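# Per-entry structural report
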Amino acid sequence: MQKRIAARYASERRFKYLGMAAVLLSAGFLAFLLFKMVGDGAGGFTRTEVAVPIDFRSAPLVIDPATVNAQALSGANLQGVTAQAADAALGEGGDAMLSPNAWLTVRDAILDDPKILTQKVTLSLPGSTGIDLAAKSNASAADEAAYTRLQKAGVVSTGFNSAFLTASDATDPTQVGIWGAFKGSLLTMLVTLLLSFPVGVATALYLEEYAPKAWWTDIIEVSINNLAAVPSIIFGLLGLAIFLNLLDFPRSAALVGGMTLALMTMPVIVIAGRNAIKAVPPSIRDAALGVGASPVQVVFHHVLPLALPGILTGTIIGMARALGETAPLLMIGMRAFIATPPGGVTDPATVLPVQIFLWSDEVSKGFIEKTSAAIIVLLAFLLAMNGLAIYLRNKFEKRW
Amino acid sequence: MTGPAILLLLLGLGVAAWISARARATRLQTTANAGPVRGAMHSLPSYHGWYVALWTLIPGLIFLAVWSNVMPSLVTDAVLADPAAQSLPPGGFGRGAILNEARNIASGNQAAAFNPAAQALVEPYRAATSRYGTVGVILAIVLAFAGGAYAFTRIRPDFRARTRVERLVMGLLLGASLIAIITTVGIVASLLWESLRFFSMVNPFEFLFGTKWSPQSAAMGYGNAGAFGAVPLFWGTIFIGAIIAMIVAIPLGLMSAVYLTQYAKPSTRKWMKPILEILAGVPTVVYGYFAALTIAPALRDFAVSIGIHGASSESALAAGLVMGVMIIPFVSSMADDSIAAVPQAMRDGSLAMGATTSETIKRVLIPAALPGVVGGVLLAVSRAIGETMIVVMAAGLAANLTLNPFSSVTTVTTQIVQLLTGDQEFDSAKTLAAFALGLVLFIVTLLLNIVALRVVKKYREAYE
């Protein structure tokens, strides 16, 4: 008997530990994923810089320090000056150790302080992909050798890579940035929100407050619940067949991306909205009706304001899902190489998740840390949105 | 005038109409209230404002929408009537190309003409565009004023403005809710239409039961026969989504739910549940990247070290494992709900008989909650087989009919992406095959969802 009880208790403990292990394993996987992304991606926010002395006095530049502007400097041969200075300072092949857009840093330095045009200054210029890789992980033997030489000369340092936040896609990993994709994401989200929020709220209001019990309202309900469970790639196929092939909207545009995602987000908003509207107690409706309000007034003056926090929470969660969505956007052609940020919703654009997908396909090793860095930015945004949703839910949650 | 400017102008007119109508109704109300009957005004002044504003806006907007569709053909007619168009080739493709070029230059989308004939047409194009544009704007404004004036004359104490405005609001609400039906119909129609075109080229039985998938060879002109057998794709999808992913997700999800509902302290539960839910919120492209870059190489090295042949750096196991982790929160929250729905009396009864907690869970709670758990698993499977990015990035492209989890397999969603990104000719069997695959995916996920909801619903009724 004693033995049997001991065995049962042991099995009880085993079962409990098994449950704990399941939870820890799941959470551990999440921790490992985040840890790995942060570890890989942290380097994407920094860059290796090489200090290069440039003597503008002897440089073949014809610029008047009094009237310096960005246009004049782009016309001047700053690339050549930078390359010469690099060759002079770092020896033969010095130019190749710098990023191809190192001259932009020189230009910005001149714009900051035109007086340096009459001086000899030492500027920290971004290093090439090879140098950057050699500084952070392992690169080819030639790059490692070049990096060791620079290190011995004491001219390399690590700086914050502001270009990563302000530049767009490029072919060279030292020059890429997320601004273009980020702006594309913002525009796409804007279109999605403007389309799905009013439609979603209107649908929720209609179904919850006015819809008669009839066969066609049943169909509406079924189709909304069904749409919420349709795989996202099917929405991409719909967007491709209807928006692009039938209606001939521009390919790769934030407008079409936003419309496709709006169809996907709308059911989420409707379902959240209906729950929020259902939670408003009937006594409020009765009271409003009792003092002579019309059914439309009851809803728009009383029910909707009370349900709005709940609807907003659902909307933010739906938008967060849309922000992370990739597959439907691939279908409508948002996987092109786009080096300039979109100016409007009809311009070719890309979005953050698609940019991550495109970079993950690149063979160049420098893209690994850029991909992870972009993932960090995306995850930070999603966490912020979800955090906001939880905050709103806690703040406005009411028990009637 | 540009589109946004016209819209702003109309909007401005609408606002002006709202303000003036409301002012007039307010004056009427004051005089009406001074009269013998209190509350003689049927509607509040702002409803009269809305009524007039809507009458101002809607006719103008409808006209603009129609006009923007009619205008291009009017412009083309005007250009063709121009003397400069006399030398054009009579009809056909060449003429269309020249007209198109002229239109692009005139609208500033193109800098210079390749065809001199197009250059000659640019000026007539610009003239006709601006002429018809001006006509459109003037007509829209006239309509707006006419509508506004008509509505304005109707402002009277006994006019039921509120009823009219509310009827429109109800119409809008109903219209919004119909969008869900339209979307569903759009999905089904576009999938069916393109699939039917595909099945006119490829035998549907061959598609559903064939075992060789090589759309590339069909595209290269070896004919469609025998190239579109989708069974390896279906197998790959089931292998990754319904087998490997579920082997990971069901035990982990179920045990997590059991631990968090039955053993964990409330404070632990409060923290752990949202943390696990983050797993479902991570974008799938991140999982895909993680699977392809971290998990897959590690698995391949492991497979090679234990001597498995055919281990690939893109493997069913890598994709399935990561997908399983993604699915954990779905399984656990469904299990959580259905365990919580088991009446407390059943649990108490079992404990009172002397059973340990784990025995209660294993013999009472889980059997009672089983339908709910099964429903949750079915929903999770439906989610997993529709998942795209993880399999695109980590599962590979080789259509293998294999049981070896370390080899590369391909799935339905991977192939849809593969077929539709790249060269796009919309009449080839290769691109249309994507829609046929989409249709199969749509039907299967739909069936899974319906069955899952049925199972859950039926189970819920058991205790009520």
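Residues numbered from 1 in each chain as written. Chains lettered and ligands numbered in written order. Predicted model: local features only at pLDDT ≥ 70, side-chain atom pairs only at ≥ 80, totals over all residues. Heavy atoms only, no water.

### Notes on the overall build of chain A
Formally: Note on conventions: DSSP H or I runs of at least 4 residues are helices, E runs of at least 2 residues are strands, and numbering of each starts at the N terminus. Radius of gyration here is computed from C-alpha atoms only, and the compact-globule reference equals 2.2 Å multiplied by the residue count raised to the power 0.38. Burial status follows relative accessibility: with a 1.4 Å probe on protein chains alone, a residue under 20% of its type maximum counts as buried, one over 50% as exposed, and anything between as partly exposed. We call two residues in contact whenever any of their non-hydrogen atoms come within 4.5 Å of each other.
Broken down by element type, chain A carries 16 helices and three strands. Over its C-alpha trace chain A gives a radius of gyration of 29 Å, far above what one expects of a compact globule, namely 21 Å for 400 residues. Projected onto its principal axes, the C-alpha positions of chain A cover 85 × 75 × 40 Å. In chain A, which comprises 400 residues, the proportion classed as buried is 52%. Once local pairs closer than 6 in sequence are excluded, the contacts in chain A between residues at least 24 apart make up 76%.

### Examining the overall build of chain B
Stated precisely, the cut-off is as follows: Per-residue accessibility takes into account occlusion by the displayed protein chains alone, with areas from the Shrake-Rupley method and a 1.4 Å probe.
A count of helices and strands for chain B gives 16 helices and zero strands. Of all 464 residues assigned to chain B, the portion counted as buried reaches 47%. In chain B, the proportion of contacts linking residues at least 24 apart, taken out of those at least 6 apart, comes to 70%. For chain B, the exposed area adds up to about 21,900 Å²; of that, 67% sits on carbon and sulfur atoms.

### Notes on the packing of aromatic side chains
The condition is simple: For Phe, Tyr and Trp, where Trp contributes only its six-membered ring, two rings pair if their centres lie within 6.5 Å, and the inter-plane angle classes them as stacked under 30 degrees, edge-to-face over 60, or tilted in between.
Throughout the structure, instances matching the rule amount to 20 aromatic pairs over all chains. Taken together, the ring pairs in this structure connect B:Phe198, B:Phe199, B:Phe207, B:Trp213, B:Phe228 and B:Phe234 into an aromatic cluster.

### Re the packing of helix α11 (residues 254–278) of chain A against helix α13 (residues 295–323) of chain A
Residue and element names in this part refer to chain A. Note the threshold: Axes here refer to lines fitted to C-alpha atoms; in helices the fit is confined to the stretch in contact. Angles between the N-to-C directions go from 0 to 180 degrees. In a left-handed crossing the near helix is turned counterclockwise from the far helix by less than a right angle, and in a right-handed crossing that turn is clockwise. Polar here means any residue other than Ala, Val, Leu, Ile, Met, Phe, Trp, Tyr, Cys and Pro, which are nonpolar, and Asp, Glu, Lys and Arg, which are charged; Gly is therefore polar.
Remark: α11 packs on α13, axes separated minimally by 8 Å, with the N-to-C direction vectors making an angle of 145°. Crossing geometry of α11 relative to α13 is assigned as right-handed. Residues Leu261, Thr265, Val268, Ile269, Ala272, Gly273, Ala276 and Ile277 of α11 pack against Val303, Ala307, Gly310, Ile311, Gly314, Thr315, Gly318, Met319, Arg321 and Ala322 of α13. Grouping the amino acids of the contact of α11 with α13 by side-chain chemistry returns 11 nonpolar, six polar and one charged.

### Concerning a nonpolar patch on the surface
Put simply, the test is: Patches here are clusters of residues that have more than 30% relative accessible area and form no salt bridge, with a 9 Å joining cutoff for like charges and a 5 Å cutoff for nonpolar side chains (Val, Leu, Ile, Met, Phe, Trp, Tyr). Salt bridge, as applied in this entry: a Lys or Arg side-chain nitrogen positioned within 4 Å of an Asp or Glu carboxyl oxygen.
On the surface, a cluster of nonpolar side chains totalling about 490 Å² of accessible area is made up of B:Ile58, B:Ile62, B:Val66, B:Val70, B:Leu168 and B:Leu172. Looking at the nonpolar patch element by element, the count peaks at four residues for helix α2 (residues 45–81) of chain B.

### Digging into the pattern of salt bridges
Any two side chains of opposite charge can pair if their charged atoms end up close together. By the definition in use, this model includes 12 salt bridges over all chains. Residue A:Asp40 pairs with A:Lys36 through a salt bridge whose shortest N-O separation is 3.6 Å. You can see A:Asp40 and its partner A:Lys36 sitting in helix α1 (residues 2–41), four residues apart, about one turn around the helix. On the basis of relative accessibility, which here comes to 23%, the residue A:Asp40 falls in the partly exposed class. Linked through salt bridges whose partners overlap, the residues forming this network are B:Arg269, B:Lys273, B:Glu277 and B:Asp336.

### Overview of the environment of B:Val381
Relative to the helices and strands, B:Val381 resides in helix α13 (residues 357–386). When near neighbours in sequence (up to four residues on either side) are disregarded, B:Val381 contacts B:Ala242, B:Met246 and B:Leu448.

### A closer look at the interface of chain A and chain B
Where we set the bar: Buried area is calculated as the accessible area (1.4 Å probe) missing from two parts once they are joined, with the contributions of both summed. Two N or O atoms form a polar contact when they lie within 3.5 Å of each other; inside protein one atom must be a possible hydrogen donor and the other a possible acceptor, and for residues adjacent in sequence the pair counts only when both atoms belong to side chains.
Taken residue by residue, the interface counts 70 residues in chain A and 74 residues in chain B. For the pairing of chain A and chain B, the buried interface totals around 6,300 Å² over both sides, and the portion due to carbon and sulfur atoms is 79%. Of all residues in chain A, the largest losses of buried area upon contact with chain B belong to A:Phe15, A:Val23 and A:Phe29, amounting jointly to 10% of the total for that side. Along the contact surface separating chain A from chain B lie one salt bridge. Between A:Arg8 and B:Glu359 there is a salt bridge; the shortest N-O distance is 2.8 Å. On the surface where chain A and chain B come into contact, there are 10 residue pairs in polar contact (both at pLDDT 80 or more). In terms of residue count, the dominant contributor to the side of chain A that touches chain B is α1(A) (20 residues). Classifying every residue of the side of chain A that touches chain B gives 49 nonpolar, 15 polar and six charged.

### Let's talk about the sheet that holds strand β1 (residues 46–55) of chain A
Residues and elements named next belong to chain A. Our working rule: Whether two strands pair depends on DSSP finding at least two bridges between them.
Spatial strand order, β2-β1-β3: three strands in an open sheet with antiparallel pairing. Each having just a single partner strand, β2 (120–126) and β3 (156–160) make up the two edges of the open sheet. For this sheet the average axis-to-axis angle between neighbouring strands, irrespective of direction, equals 40°. Judged from the seven bridges that link them, β1 and β2 form a sheet pairing that is antiparallel. When the bridges of β2 are listed, Val50 appears paired with Leu125. Sheet strands in contact with helix α3 (residues 78–90) are β1 and β2, and its direction is about 90° off that of β1. Helix α4 (residues 102–112) contacts β1 and β2 of the sheet and is inclined by roughly 135° relative to β2.

### Some details on a positive patch on the surface
Here is the rule: In this count, Lys and Arg are taken as positive residues and Asp and Glu as negative ones, while His and the chain termini are left out. To locate a charge, take atom NZ for lysine, CZ for arginine, CG for aspartate or CD for glutamate.
On the surface, A:Arg13, A:Arg14, B:Lys362 and B:Arg363 cluster together into a patch of positive charge. Every element with two or more residues in the positive patch is listed here: α1 of chain A together with α13 of chain B. Tracing the backbone shows A:Arg13 in helix α1.

### Concerning the confidence of the model for chain B
Caution is warranted with low-pLDDT regions, since their predicted coordinates should not be read in detail. This is how the line gets drawn: The quantity called pLDDT is the predictor's confidence in a given residue, expressed from 0 to 100.
Taken residue by residue, chain B gives an average pLDDT of 82. The fraction at 70 or more is 89%. In the predicted assembly, ipTM is 0.86 and pTM is 0.85.

### Quick notes on empty space enclosed by the protein
Residue and element names in this part refer to chain B. Rule in force here: Points on a 1 Å grid, built from protein atoms alone, make a cavity when a 1.4 Å probe fits but cannot get out and make a pocket when they are open with protein on both sides within 12 Å along at least 5 of 7 lines; residues with an atom within 4 Å of a point are the lining residues. Grid points are joined across faces, edges and corners, and a volume is the space filled by probe spheres set on the points.
With the rule as written, the count across this model stands at five cavities of 30 Å³ or more. The computed volume of the largest cavity comes to approximately 60 Å³. In this structure, the largest cavity is lined by Ser256, Ala257, Leu260, Lys273, Leu276, Glu277, Pro329, Ser332, Ser333 and Asp336. Among the secondary structure elements, those contributing two or more residues to the lining of the largest cavity are α8 (231–263), α9 (266–281) and α11 (316–340).

### A look at α13(B)
Just so we agree on the cut-off: Helix span, expected: 1.5 Å multiplied by one less than the number of residues in the helix. For a residue, the bend is simply the angle between two axes, fitted respectively to the seven-residue segment ending there and the seven-residue segment starting there.
Taking 1.5 Å of rise per residue, 30 residues should cover 44 Å, yet α13(B) covers just 37 Å from first to last C-alpha, more than 12% shy of that figure. Residue B:Leu370 marks the point of greatest curvature in α13(B), where the axis turns by about 60°; the proline B:Pro371 follows within four residues.

### Observations concerning helix α5 (residues 129–136) of chain A
Residue and element names in this part refer to chain A. The element α5 is extensively covered by neighbouring structure, given that six of its eight residues are classed as buried. Within the sequence span of α5, burial applies to Thr129, Gly130, Ile131, Asp132, Leu133 and Ala134. In this structure, the buried residues of α5 make contact with β1, α6 (141–153) and α16 (366–396).

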